[in-house]
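Structural features, examined
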Amino acid sequence: MATMYVTVAGAGDKSGSSWANAMGYAEFETDFEGSAAAGDIYYVMSGTYTLTSNLLSSLDGTAASMINVIGVSDESETEAQGTDRPFFDGGASYGVRVDNYWQWKNCRFEGEQTYVLRGDTGTKVINCKADNSSGTADRSAIDIEGLYSLVFNCEGISDAGYGIGMFSTQGQVYGCYAHDSKSGIHVSGRSSVSFNIVDTCTTYGVQVTGATTEFGYICNNTIYNCVTGINAIAGQAYIVLNNQIVTNTTKGIVWASAIEANLFDYNNYNGNTGGDTTNVTKGSGATANAPGFTDAGGGDFSGVDSDDAFAILLGVS
Amino acid sequence: MAINEKYSYKSFGRNPAALKTAIDLAGTIVGSGFSQSTLDAHIFPDTMTGVVFEKCNLDNVYIPPGNTVDPSCSHKRFATQNDLEDWFIDGADKPVEPIDKKMYEKLKLSTDPKDIPVTPLVVSVTRARLLAIHQLDDVFGQLKKAGQASVSLADEATIKKLYSLSDKDMVLVKEML
């Protein structure tokens, strides 16, 4: 278990033992791929880190002791925000991939490959932004392939694919902004999608696949200006509550088949030009109010009407 | 040679237009990204000379004669193949190996170029394999909870069809669970 310090050019003996001896990207890559161990912390300073090969680690943390990569903006380890977050530039050819129980905080990623950032079981991605600009279909920005993972307070964009793809089961996507993608958030069975904003997606705002017999949750999201707001490709069992389903062009919510176990209620449907639902019983608490966003087209979803059921439930006024 | 601070540790891959007319490309450029998705992209001035690139990503970028690309750079050619994944290619534009060869090996997919489909897939070969693994994992999990030990032939047939998997693929996917 070690704490290591990383800057774009490195410093001193580049051992990573302190900021005065920070690793450069080359030393970081070597350690990351060959020596990372449970409990390790890499503090990565703001700056651009250019990948000259895939940044891959097949090493694992543990549930109790993850491997941590934390973006910071100064030598006091202040957590980096916005464009101060260290930027891993995969360019057109490379991506970042880790195995089990890694935590990424306060970082930015860009790329065009199958994934920009991929993790496996127990991955946590917090306060990160990933952007995949590839025109090839179904590539991901944040791509999670393992169970028990969390994507929190992140931004995902994938021009022709998945902004945030949670392809295994039992994952959580919470408090994120997924937008300008083919599919904003993709989840499999037994997953939870809550308090996210999903904006301008050319197929689905939230897409549900996977197991049909165990519950997942889609609650308290704002899903705006997608083709279909929420889509389930089969009769997945989900509880869908308190969502703003607004200005989606084909349909608000489409379930491939209705199943008795589903619960839809207290969702606000407005301006879904092709209709609100297919194979969905809306519930007695459903509303159809104008959402009152300040400037949804400009990405400002504040200003929810105080008489809106959604706002009342959330205590927003 | 002095490090060119203006062009070092920066990302230019998505916005290369200004490079073409830049007059201050000189010295040593360190740790910047220039890679392009289109082959042999001419993003630098054809008259640029004397620049040394170190630790840069120059994949698919044409570098005019008279400049130096240090071995610490990546300067390879790649293109998307019919399996919807990107492969490094040779001078004749023939695929050599997938960029993420380790992922192919992990998923027990062939890295031999002769196994690339002759027509484009609908879903990339790695995505299809991962989805099939997740789906079979779900099916196995549900059957296990129900006290059964194996997947029915009907379930296997559905998954094979859905993800265009061969019998050989199916055996490999089941081995990976």
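Nothing here was measured: the structure is a model prediction, and the numbers come from that model.

A word on the overall build of chain B. A tally of regular secondary structure across chain B gives 4 helices and 6 strands. When the elements of chain B are put in sequence order from the N terminus, they spell out β-β-β-β-β-β-α-α-α-α. For 177 residues, the compact-globule estimate of 2.2 N^0.38 gives 16 Å, and chain B exceeds it by more than 25% at 22 Å. Its C-alpha atoms put chain B at 70 × 35 × 25 Å along the principal axes. Out of the 177 residues belonging to chain B, those deemed buried represent 33%.

Looking now at unusual backbone geometry. The phi torsion at Thr200 of chain A lies on the positive side, around 60°, for a residue other than glycine. The class for Thr200 of chain A is partly exposed, based on 19 C-beta atoms found within 10 Å. The phi dihedral of Asp93 of chain B is positive, around 65°, even though this residue is not glycine. Locating Asp93 of chain B in the fold gives a position in the loop between β5 (86–89) and β6 (95–98).

A separate point is the domain arrangement of chain B. Looking at chain B, the domain boundaries give domain 1 (1–76) and domain 2 (99–177). For domain 1 of chain B versus domain 2 of chain B, the separation of C-alpha centres amounts to 40 Å.

Attention now moves to the interface of chain B and chain A. Frequently, the measure chosen for interface size is the accessible area removed from exposure when the parts meet. Residue-level contacts link 35 residues of chain B with 31 residues of chain A. Secondary-structure elements contributing two or more residues to the side of chain B that touches chain A are β4 (78–80) and α2 (125–145) of chain B. Per element, the largest residue contribution to the side of chain B that touches chain A is 7 residues, and it comes from α2 of chain B. Partitioned by chemical class, the residues of the side of chain B that touches chain A number 9 nonpolar, 16 polar and 10 charged.

Nonpolar side chains tend to gather and get buried jointly when the protein is soluble and globular. Among the nonpolar cores identified, the biggest contains 109 residues, and Val6, Val44, Leu117, Ile142, Val151, Ile164 and Val206 of chain A are the most heavily contacted of them. Here this core gathers at least three residues from each of two domains, domain 1 (1–76) and domain 2 (99–177) of chain B. Look past the residues within four positions of Leu117 of chain A in its chain and what remains in contact with it is Val96, Trp104, Phe109, Val125, Ala130, Ile142 and Asp143 of chain A.

Residues and elements named next belong to chain B. The strand order across the open sheet formed by 3 strands is β1-β2-β3, and the pairing between neighbours is parallel. The open sheet has two edge strands, β1 (28–30) and β3 (68–69), and neither has a second partner. Bridging between strand β2 (residues 52–54) and β3 involves 2 bridges; their strand directions are parallel. When the bridges of β3 are listed, Phe53 appears paired with Val69.

With that out of the way, let us pick up the pairing of strand β10 (residues 115–119) of chain A. Residues and elements named next belong to chain A. Burial within β10 is extensive, with 5 of its 5 residues counted as buried. In terms of strand pairing, β10 meets strand β13 (residues 140–144) through 4 bridges, oriented parallel. For Tyr115, the partnering residue across the bridge sits in β13 and is Ser140.

About the criteria used
- Residues numbered from 1 in each chain as written.
- Chains lettered and ligands numbered in written order.
- Predicted model: local features only at pLDDT ≥ 70, side-chain atom pairs only at ≥ 80, totals over all residues.
- Helix = DSSP H or I, 4+ residues; strand = E, 2+ residues; numbered from the N terminus.
- Rg over C-alpha atoms; globule rule 2.2 N^0.38 Å.
- Buried ≥ 20, exposed ≤ 12 C-beta atoms within 10 Å, placed from the backbone.
- Domains from an automatic or database assignment.
- Contact = placed C-beta atoms within 7 Å.
- Nonpolar A, V, L, I, M, F, W, Y, C, P; charged D, E, K, R; others polar.
- Core = buried A, V, L, I, M, F, W, Y, C linked by C-beta atoms within 7 Å.
- Pairing = 2+ DSSP bridges.

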